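Structural overview
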Amino acid sequence: MESRFVSPKSFRKAGKEAVAEAEALLQRALSAQAAEDKRNVVKCLDQLSDALCRVMDVAELVRQVHPDESWQMAADEVYAGMFEYMNGLNTHVGLYRKLVEIMEDPEISASFSPVEHEVALSFRRDFERSGIHLSKSAHAQFVQLSSDIQDLSREFFRCQSAGPQKDRLVPVPFDHLRTLPSQVAMSVLQSSKTYKRKDGATMVDLLPDDYTAHYILRDCGHEHTREAVYREWQRGSSKAVSALEGLLERRLALSHTVGYSSFGDMTLDDKMAKSPSHVDEFLRGLAQQAQPRWSAVANSLYMDKVRSQGPGVPGQETTLFPWDREYWISKQQMDSGALPSLSHYFSLGRVVLGLSRVFKSLYGVELRAATPQPGEIWHPEVRKLEVVGESGQLLGVVYCDVFSRSSKAHVGAAHFTARCARRVDDDVAVSPTSAGHSGQTVVEREGKRFQLPVVVLICDFPAPAEGSPPLLSWSNVETIFHEMGHAMHSMLGQNGFHNVAGTRCPVDFVELPSILMEHFARSPHVLSLFASHYKTGAPLPHDLIHKHAEQRRRYSALDMHAQLFMSALDQHYHSSVLDPEGTVRPGWSTSEASSSLFAYVENTRWQSRFTHLIGYGASYYAYLFDRVLAGQIWDRVFEGDHPFPPSNSAGNVTSGGNPLSREAGERFKNEVLRWGGGRDPWKCVAAVLDNGKTPHSEVDAVSQGSKSAMRTVGSWRLPDM
């Protein structure tokens, strides 16, 4: 991290200095009268945003991963103070008017580069999303609704962290736990009350948390026990449901105050999808392809359940319930034979070596281990990697904090941008001066100076056993490849401006580079570069890759159905679901969530645990969308191989070639990665696919970014994994 972040005291000082720098830049922007000064207003705003984010983004990271409570307290204080200051900037009428003035000045706006125009547009959208152009009364309503939404979001998350309620114990016969893994059964017994029933049977009062419910639903052969656990596990919190419904209702009201018919319309206006109807077009196309696949899988599970029950009662039909899914999948997998683990072939060091080889083949860059300076890292387990170009020039720094520990928030896998890349030699001079640059923070390229990006990758992998190197599952390998895809976007997306650098792009575009990297993690050709047994050095057998991949693909259609259902539900929740008077009955969200592939269970409220509704409201579809885009780029640009024979659908490339083509890598870098958020994403996708392997009609449709573009993407080959 930056040398000024050496102690909680210096971190607080850095926060104050960042606000002072931002205030000085604000005054420069507001006072701009001469043409040259007006021309620098967008630069001022970008520089101002960078000054604040370089501290705020690190504060957010510290709150999640730093083991020292004094650091966490300092980060909380710094973040809260700077967040309040930034909210004031977002509603600064004078600054908004100055930006509009220069954007509407034809002489000044004509001098903007395409990327600079995108920067100006992004700032203007942010202002207008804050209701800055509203009347005084409408703006007051907007502020109140925004505050309510923040409060309800926090309340919803508080309900998640509260865990299952103690009054929701499920009495389970001890014998029903015998099929669970021994360590799980032992954990349940140690944390639960046991007692004897009148008939002498030993009973366990089980608390259905996520961990316990997962194993009961997968391994317990007694359906009534699985049902009882599922019902209590998914009964949900009435407080969470109330908070969610209040939030959704206020989001709708908020969208009305700024002239949109729904929150979905407001959210998607500047995304690739552009409108809810376009999202619907994409989801319908994908569902039409997937329906036969998930129906076939569900039917096979149903028939297994029917056969297990023997002759039934006449007129009584067998039903497949949600508590049947994981159990019958597990039974089918066991009947097919257990597969040996792949983790012995995936030591963490070899995986990072493989990533470096992939990046060198594709982009001419390498990952190089570096020794951190004293005070530079927050935990001894953190590793520092430098990203180095072919000329030996440093492109950026990646810190890796990948193991689970008690002092670390359980955020799963995440990519934190601690500092964005941007050009600094043309900075607007202010007093007080900026925090300054030292050491490797700034490099010179072609007579210009650039601030280097710094990113932090967070994972929650199990800590290695003593005497053994860190070994990863195949899923963990995909995770670290995914997160490194984000990191490389930050490293190569250096377009000169902080606000559109790297991963600062639309939510339905940002996952494309990272999901593409998952394909590399599944490629037998790529795996052969690094996957070898940590003891013997033997390469990972291709037939073992194939067997694991086929087992995963067999049930992927069910996951696809779940993702499509949740995406559609997210869209519905953020449409105009209220009646004209704006009144609804409590609990309305439950009835809206009751249609799915498996029979809905009365009195369950699984939507009370659908946390993505908070951070990805109206845009949950984005991950599916980028999966399809990444699949097409893998097939048609990289001509990548697959761990199983790909589908031979019309129009799809089924090559089993070498995906590590420098030509393909340069194409993806130049048309996608280097732009960050500084170019229309549809133009990026159309350009990268326009290599003679995609029909011109599809390239033309995609380049327009309209409803037909979403329809085209929805018709493309389904992701196989």
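Residues numbered from 1 in each chain as written. Predicted model: local features only at pLDDT ≥ 70, side-chain atom pairs only at ≥ 80, totals over all residues. Heavy atoms only, no water.

1. Here's the deal with the overall build of the chain
- Along the chain, the regular secondary structure elements total 28 helices and eleven strands.
- Taking 2.2 N^0.38 as the reference for a compact globule, 721 residues should give roughly 27 Å; the C-alpha atoms of the chain span a radius of gyration of 27 Å, in line with that estimate.
- Along the first, second and third principal axes, the C-alpha set of the chain runs to 90 × 65 × 60 Å.
- By the burial criterion, 53% of the 721 residues in the chain qualify as buried.
- Within the chain, contacts between residues at least 6 apart in sequence are counted, and of these 76% link residues at least 24 apart. (Helix = DSSP H or I, 4+ residues; strand = E, 2+ residues; numbered from the N terminus. Rg over C-alpha atoms; globule rule 2.2 N^0.38 Å. Buried < 20%, exposed > 50% of the residue type's maximum accessible area, 1.4 Å probe, protein only. Contact = heavy atoms within 4.5 Å.)

2. Quick notes on helix α14 (residues 276–309)
- If you look at α14, its biggest bend is around 45 degrees, right at Ala-290, and the proline Pro-292 turns up within four residues after that.
- Looking one or two residues beyond α14, the residue adopting positive phi is Gly-310, at roughly 70 degrees. (Bend = angle between axes of the 7 residues up to and from the residue.)

3. Some points on the pattern of salt bridges
- A complete count under the given rule lists 55 salt bridges for this structure.
- Between Arg-4 and Glu-2 there is a salt bridge, with its nearest N and O atoms 2.6 Å apart. Accessibility assignment for this pair places Arg-4 and Glu-2 in one class, buried.
- Salt-bridge contacts for Arg-552 lead to Glu-478; the nearest nitrogen and oxygen are separated by 2.6 Å. Highlighted residues: Arg-552 in helix α20 (residues 542–554) and Glu-478 in helix α17 (residues 474–492), separated in sequence by 74 residues.
- Residue classification places Glu-478 among the buried positions, given a relative accessible area of 7%.
- In this structure, a network of salt bridges that share partners links the residues Glu-2, Arg-4, Lys-43, Asp-50, Arg-54, Arg-419, Arg-422, Arg-423, Asp-425, Asp-426 and Asp-427. (Salt bridge = Lys/Arg side-chain N within 4 Å of Asp/Glu carboxyl O.)

4. Describing the pairing of strand β10 (residues 448–451)
- Note that strand β8 (residues 422–423) and β10 share two bridges and pair antiparallel. Residue pairing in the sheet places Arg-423 in a bridge with Phe-450 of β10.
- Looking at chain direction, strand β9 (residues 442–445) and β10 are connected through four bridges and run antiparallel. Bridge pairing links Val-442 to Gln-451 in β10.
- The antiparallel hairpin formed by β9 and β10 contains two residues in its connecting segment, where Glu-446 sits at a positive phi of about 50 degrees. (Pairing = 2+ DSSP bridges.)

5. Some thoughts on the packing of helix α27 (residues 696–704) against helix α28 (residues 707–715)
- One can describe the packing of α27 onto α28 by two numbers: an axis separation of 7 Å at closest approach and a directional angle of 130 degrees. What the angle tells us is that α27 and α28 run oblique. For the crossing formed where α27 meets α28, the hand is left-handed. In this structure, α27 contributes Glu-698, Ala-701 and Val-702 to the contact, and α28 contributes Ser-708, Ala-709 and Thr-712.
- Of the residues that constitute the contact of α27 with α28, the class distribution is three nonpolar, two polar and one charged. (Axes fitted to C-alpha atoms, helices over the stretch in contact; angles between N-to-C directions. Parallel < 35°, antiparallel > 145°, perpendicular 65-115°, else oblique. Left-handed = near helix turned anticlockwise from the far one by under 90°. Nonpolar A, V, L, I, M, F, W, Y, C, P; charged D, E, K, R; others polar.)

6. Regarding the confidence of the model for the chain
- Per-residue pLDDT for the chain has a mean of 89; in total, 93% of the residues score no lower than 70.
- Contacts from residues 579–583, a stretch scored under 50 in pLDDT, to residues over four places away or in other chains number zero contacts.
- Throughout residues 646–655 the model reports pLDDT below 50, and contacts reaching past four residues in sequence, or to other chains, amount to 13 contacts. (pLDDT = per-residue confidence, 0-100.)

7. Quick notes on the sheet that holds strand β2 (residues 193–196)
- Read across the sheet, three strands follow the order β1-β3-β2 without closing on themselves; strand pairing throughout is antiparallel. Among the strands making up the open sheet, the edge pair consists of β1 (170–173) and β2. If you compare each strand with its neighbour and ignore which way they point, the axes differ by 30 degrees on average.
- Where β1 lies against strand β3 (residues 202–206), four bridges are found, and the strand directions are antiparallel. Following the sheet pairing, Val-170 is matched in β3 by Leu-206.
- The sheet contacts of helix α11 (residues 223–233) involve β1 and β3, and relative to β1 the element is tilted by about 160 degrees.

8. With respect to the sheet that holds strand β4 (residues 366–370)
- Strand order in the open sheet made by the five strands is β4-β5-β6-β11-β7, with mixed pairing throughout. The sheet is open, and its two borders are formed by β4 and β7 (414–419), each paired with just one other strand. Neighbour-to-neighbour, the strand axes of this sheet turn through a mean angle of 30 degrees, independent of strand direction.
- Where β7 and strand β11 (residues 454–461) come together, five bridges link them in antiparallel fashion. Directly across from Phe-416, in β11, lies its bridge partner Val-456.
- With respect to the sheet, helix α3 (residues 41–65) is in contact with β6 (394–403), β7 and β11, its orientation differing from that of β7 by roughly 140 degrees.
- Set on the sheet, helix α16 (residues 348–363) makes contact with β4, β5 (383–388) and β6; between it and β4 the angle comes to about 140 degrees.

9. A word on the packing of aromatic side chains
- Counted under the stated rule, the structure contains 24 aromatic pairs.
- Here the aromatic rings of Phe-156 and Phe-157 are separated by 6.2 Å at their centres, their planes lie at 75 degrees, and the arrangement is edge-to-face.
- Among the aromatic residues, those joined into a ring-pair cluster are Tyr-230, Trp-233, Phe-321 and Trp-323.
- Sitting over the ring of Tyr-327, Arg-226 keeps its end group 4.2 Å from the ring centre. (Phe/Tyr/Trp six-rings, centres within 6.5 Å; stacked < 30°, edge-to-face > 60°. Lys NZ or Arg CZ within 6 Å of the ring centre and 35° of its normal.)

10. Let's talk about unusual backbone geometry
- Here Asn-603, not a glycine, exhibits a phi torsion of approximately 70 degrees, which is positive.
- The residue Asn-603 is located in the loop between α22 (588–592) and α23 (612–615) in this model.
- Of the residues examined, Asn-603 reaches a relative accessible area of 62% and is grouped as exposed.
- Phi is positive for Glu-639, which is not a glycine, with a value near 50 degrees.
- If you trace the backbone, Glu-639 turns up in the loop between α24 (622–636) and α25 (662–671).

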